[in-house]
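# Structural overview for review
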Amino acid sequence: MELENDRQWLEGYRRGDGRALEHVYRHYSPRVLRVLARQNVGPLDLDAAHQETFIRAFSETARLHFDGLQPFERYLFAIARRAAIDVLRAHGKLHHEALPLDETAAAGQVPSEHDTPEQAALRAETVATVRAFLSTLRDDELQFATARFIDGLSQEQAGARVGWSRQNARTREARLKVACLAFLRERGWSTTTAAARTALTAAVLSLFAAGGV
Amino acid sequence: MLFFDSHVDAALPELARGGMSGRRLRRVLAHAKACHRCAPLYQRAVHTLRQLETGSPFEPAQVELDAIVEMNAQEVLKKAAPPPAPRAWLWAPLAAGALVAAAVFYLPRLHESDALEARGGPAGLVALRVFCGGAGQPLKELREADECESGRTLAFAAGAVAEGQSVALVVSGDAVVTVEVAEPVTAPVGAEAPVKLTVELRRRGSAVVTAAFASDVEQAKSAARGLPAGDGVSVVRRTVRVGR
Ligand SMILES: [Zn+2]
């Protein structure tokens, strides 16, 4: 059930009733977090952008401004996008054109062909990390991890491929995830981040454009 | 220093296994945001975990969804509750010169460090608060998206969890003449003390406030000026829109 379809809940939200707000918070938080993460809000800013979204959505102005006709989700996502921009700006992390601002981008998953150059670089780098980790595995672990993490099979399906029980697949997957992050750490990731590299590339390109090099 | 004791490394297995509590994630994030070594590690770990779980580095992992919802619940719902009696800043208009002295006495005390995370500091470790006053108007604290009008004056308050910290403040932007100040931090997070600086807003545009906290004042100054900051330096940046 969505807020706009439940008269009592909607009126509670408009009034600022504590239980209605908590219900809104719990019901819509995961979706807001997904929207924010797709909008270039990085892991270190996600909590702040999420908090700011709901503080704004629960302000009296926002509560009274919601017409109850349009889907609340759309209303909330619009607030989330503005909150994301302000949080990133305040943290000095908003590069121009870094955020897709059109309405459609928030409605569903942003397809990879719409990645910004920074997103595309990050996506490629993350996949490369996972593949590098897989290359350290052998036999059934490699088969399972490839099926699960590269081919995107369910845990059960990937387990079935190598004859693991459901329980075994669950345990082994948890262990693989821990091992993958340990691998990441041991590889020494103090090197430049993808975003920093992209920014550097852009800066160098602008120097060329200005005839400075 | 509390949060600097444990780098993010120790939290990676918990992150991968899932089921991290909101309180634990808050501490991990507080460290990652303040530690130059751990910030990129945390981001990469989360992107990689998301890739494993969801097939995309831009789809949050379950552990993030659960822990962030839990850690922000109290703060969000508390803020949404009807406000208590008007706070101390509803008093008489102040001249710019009197602002700092007045703020010493009237700065509202916030005891939950949670409340300060929204102010842009590495969660809970340091806090910077920005106030808009002067020009015959009451002093008010500026939240992230708030505006202060040209002709009015900015004032600041700072606090740090760790003792022996200095704060360097640089205020720049098209609305102000750039000013710098550095001084010891005398107050903890939650009971911030005014910084001895006021800045007049000369025209509309924006003012960028950069505060750097470090145990070494020279390190704080250079970080506030935008030079690369070393370990243990926390930088908070706020942009104030200046209207009219
Ligand atoms: Zn660290």
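Quick notes on the rules
- Residues numbered from 1 in each chain as written.
- Chains lettered and ligands numbered in written order.
- Predicted model: local features only at pLDDT ≥ 70, side-chain atom pairs only at ≥ 80, totals over all residues.
- Heavy atoms only, no water.
- Core = buried A, V, L, I, M, F, W, Y, C linked by side-chain atoms within 4.5 Å.
- Buried < 20%, exposed > 50% of the residue type's maximum accessible area, 1.4 Å probe, protein only.
- Helix = DSSP H or I, 4+ residues; strand = E, 2+ residues; numbered from the N terminus.
- Contact = heavy atoms within 4.5 Å.
- Pairing = 2+ DSSP bridges.
- Axes fitted to C-alpha atoms, helices over the stretch in contact; angles between N-to-C directions.
- pLDDT = per-residue confidence, 0-100.
- Parallel < 35°, antiparallel > 145°, perpendicular 65-115°, else oblique.
- Nonpolar A, V, L, I, M, F, W, Y, C, P; charged D, E, K, R; others polar.
- Donors = N, O, S within 2.8 Å, 3.2 Å for Na, K, Ca; no water.
- Polar contact = N/O pair within 3.5 Å; in protein donor to acceptor, adjacent residues only side chain to side chain.

Ranked by size, the top nonpolar core spans 63 residues in total, and within it Phe58 of chain A together with Tyr42 of chain B carry the most contacts. The element contributing the most residues to this core is helix H2 (residues 18-38) of chain A, with 10 residues. Leave out the neighbours within four places in its chain, and Tyr42 of chain B touches Pro43 and Leu44 of chain A together with Val8, Leu15, Leu25, Val28, Leu29 and Ala32 of chain B. Counting 30 residues, the second largest nonpolar core, distinct from the first, contains Leu125, Val167, Leu169 and Phe213 of chain B.

Residues and elements named next belong to chain B. With mixed pairing, 5 strands are arranged side by side in an open sheet as S3-S9-S8-S5-S6. Both edges of this open sheet fall to strand S3 (147-149) and strand S6 (179-184), since each of them pairs with a single strand only. Each neighbouring strand pair of the sheet contributes to a mean axis angle of 25 degrees, computed without reference to strand direction. Of the pairings in the sheet, the one linking strand S8 (residues 205-214) to strand S9 (residues 234-243) comprises 9 bridges and is antiparallel in character. Bridge pairing in S9 links Ala211 to Val236.

Residue and element names in this part refer to chain B. Summary statistics for chain B give a mean pLDDT of 79 and a share of 78% for residues scoring 70 or more. Across chain B, the secondary-structure element scoring lowest on mean pLDDT is helix H6 (residues 114-117), at 35, and the one scoring highest is helix H3 (residues 38-54), at 96. This model gives residues 85-94 a pLDDT under 50, and the stretch forms 20 contacts once residues within four places in sequence are excluded. Here residues 104-120 scores under 50 on pLDDT; set against residues more than four positions off or in separate chains, the count is 51 contacts.

Attention shifts here to the packing of helix H2 (residues 22-34) of chain B against helix H4 (residues 62-80) of chain B. Residue and element names in this part refer to chain B. For the pair H2 and H4, interaxial distance at closest approach is 8 Å and the crossing angle is 90 degrees. The angle between the axes of H2 and H4 places the two elements in the roughly perpendicular class. Contact with H2, carried on its side by Gly22, Arg23, Leu25, Arg26 and Leu29, involves Ala67, Ile68, Glu70 and Met71 of H4 and no other residues of that element. By residue class, the composition of the contact of H2 with H4 is 5 nonpolar, 1 polar and 3 charged.

Residues and elements named next belong to chain B. Coordination of the zinc ion by the protein involves His7 (ND1), His31 (NE2), Cys35 (SG) and Cys38 (SG), with metal-donor separations of 1.9 to 2.3 Å. Within one chain, the residues serving as donors to the zinc ion are arranged as H-x23-H-x3-C-x2-C. This pair shows no difference in class: His31 is buried, exactly as Cys38 is.

Turning next to the environment of Arg44 of chain B. On the secondary structure map, Arg44 of chain B appears in helix H3. With 13 residues separating them along the chain, Arg44 of chain B and Pro57 of chain B place their C-alpha atoms 9.2 Å apart.

Further remarks concern the side chain of Arg238 of chain B. Residues and elements named next belong to chain B. Along the chain, Arg238 falls in strand S9. By relative accessible area, Arg238 is classed as buried at 2%. At 2.7 Å, the side chain of Arg238 and the backbone oxygen of Leu142 are in polar contact.

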